[in-house]
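Per-entry structural report
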Amino acid sequence: MTDQQIIIMGFMGTGKTTVAFELGRELNCRAMDLDDLITEREGRSPKEIIEQDGEEAFRRIETKLLREALQEKSARILAVGGGAWTVVENRKLIVDEGALTVWLDAPFELCWKRIEAGNEGRPLAPSRDVAQTLYDQRHPIYALSDVRVPVSENETAREIATKITRGLSESE
C-alpha cells in the first residue's frame, strides 16, 4: 500500500474521526482530525469560531490548516469536518496534493441520531430540518469523492476501517 494521504469525509455524525484513528491503527500510521488541529492552533473550537466570527471566517481557517496538513504531510489519515469537502478550494487542494478521498456515507436518520446524542452543539445543525437540508445539499458534493463507504448503525469503527483497507488493497 502506498503512503498516499487519505482524507476521511462525510456528514456530521458519520464517525469520521473515530474511523480515521481506527484506520491509522490498522495501517500503522498517524491519523489526525482537522477540527482538533484548528482548536489547537486557534485556541477555540470550530463551534466557538463559527458562533463568534461566522462560518466564513471558520472556513478560511479550515482551508489554511488543511493546506498546511496536506503539504507538510502531518498525518497520512486526515479526518475533515463535514463542510470541508463542500468548499471548492479545499477539493482542489486535496486533489492537487494527490490525496485519496473516502466518503463515509451514513443515512440521515443515523447522523441525526448521533448529532442529538452528542453533547457538543452543532451550530450548522441547530434543528432536524436545518440538518436535513444541509445533508441533502452536501450529499451530491460528497459523491465526488474517490471512494464511497456505506456506514450502517451496527458497524463498529474497526469494521468500517477494515472495509476501507480492503477497498484500498483491491484498488492497487
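Residues numbered from 1 in each chain as written. Predicted model: local features only at pLDDT ≥ 70, side-chain atom pairs only at ≥ 80, totals over all residues. Heavy atoms only, no water.

On strand S1 (residues 6-9), burial covers both faces: Ile6 and Ile8 on one face and Ile7 and Met9 on the other are all buried. Relative to strand S4 (residues 100-105), S1 runs parallel, the two sharing four bridges. For Ile8, the partnering residue across the bridge sits in S4 and is Val102. (Buried < 20%, exposed > 50% of the residue type's maximum accessible area, 1.4 Å probe, protein only. Helix = DSSP H or I, 4+ residues; strand = E, 2+ residues; numbered from the N terminus. Pairing = 2+ DSSP bridges.)

Turning our eyes to something else, we now look at the packing of aromatic side chains. Aromatic rings considered in pairs are described by the distance between their centres and by the relative angle of their planes. Tallied over the full model, the rule gives four aromatic pairs. Judged by centre distance (6.1 Å) and plane angle (40°), the rings of Trp103 and Tyr142 are tilted. A residue pair is termed long-range when its members are at least 10 positions apart, and Trp103 in strand S4 and Tyr142 in helix H7 (residues 128-142) qualify at 39 residues. Neither residue differs from the other here; Trp103 and Tyr142 are each classed as buried. (Phe/Tyr/Trp six-rings, centres within 6.5 Å; stacked < 30°, edge-to-face > 60°.)

Right, let's get into the pattern of salt bridges. This structure, assessed with the given rule, holds 15 salt bridges. Each member of the salt-bridge network shares a partner with another, and the members are Glu22, Arg25 and Arg158. (Salt bridge = Lys/Arg side-chain N within 4 Å of Asp/Glu carboxyl O.)

Our next topic: the sheet that holds strand S5 (residues 147-150). In space, the five strands of this open sheet follow the order S2-S3-S1-S4-S5, with parallel pairing throughout. Only two strands of the sheet have a single partner each, and these edge strands are strand S2 (31-33) and S5. With strand direction ignored, the average angle separating the axes of adjacent strands in the sheet is 20°. In the packing of helix H1 (residues 16-27) onto the sheet, contacts are made with S1, S2, strand S3 (77-79) and S4, and the angle to S3 comes to roughly 175°. (Axes fitted to C-alpha atoms, helices over the stretch in contact; angles between N-to-C directions. Contact = heavy atoms within 4.5 Å.)

Right, let's talk about unusual backbone geometry for a bit. Even without being a glycine, Asn28 presents a positive backbone phi close to 55°. Relative to the helices and strands, Asn28 resides in the loop between H1 and S2.

A few words now on helix H3 (residues 46-53). Note that an α-helix has 3.6 residues per turn; residues three or four places apart therefore point the same way. Pro46, Ile49 and Ile50 are the residues of H3 that are buried. Buried residues of H3 fall within an arc of 95° about the axis and therefore sit on the same side. Buried residues in H3 make contact with helix H2 (34-42) and helix H4 (55-72). Positioned one or two residues after H3, Gly54 has a phi angle of 100°, which is positive. (Arc of directions from axis to C-beta.)

Bringing the nonpolar core into the picture now. In this structure, Ile6, Ile8, Leu104 and Ile164 are the most contacted members of the largest nonpolar core, which totals 56 residues. Looking at which element gives the most residues to this core, the answer is H4, with six residues. Beyond its immediate sequence surroundings of up to four residues, Ile6 is in contact with Leu23, Leu27, Arg76, Ile77, Leu78, Leu100, Val102 and Leu168. (Core = buried A, V, L, I, M, F, W, Y, C linked by side-chain atoms within 4.5 Å.)

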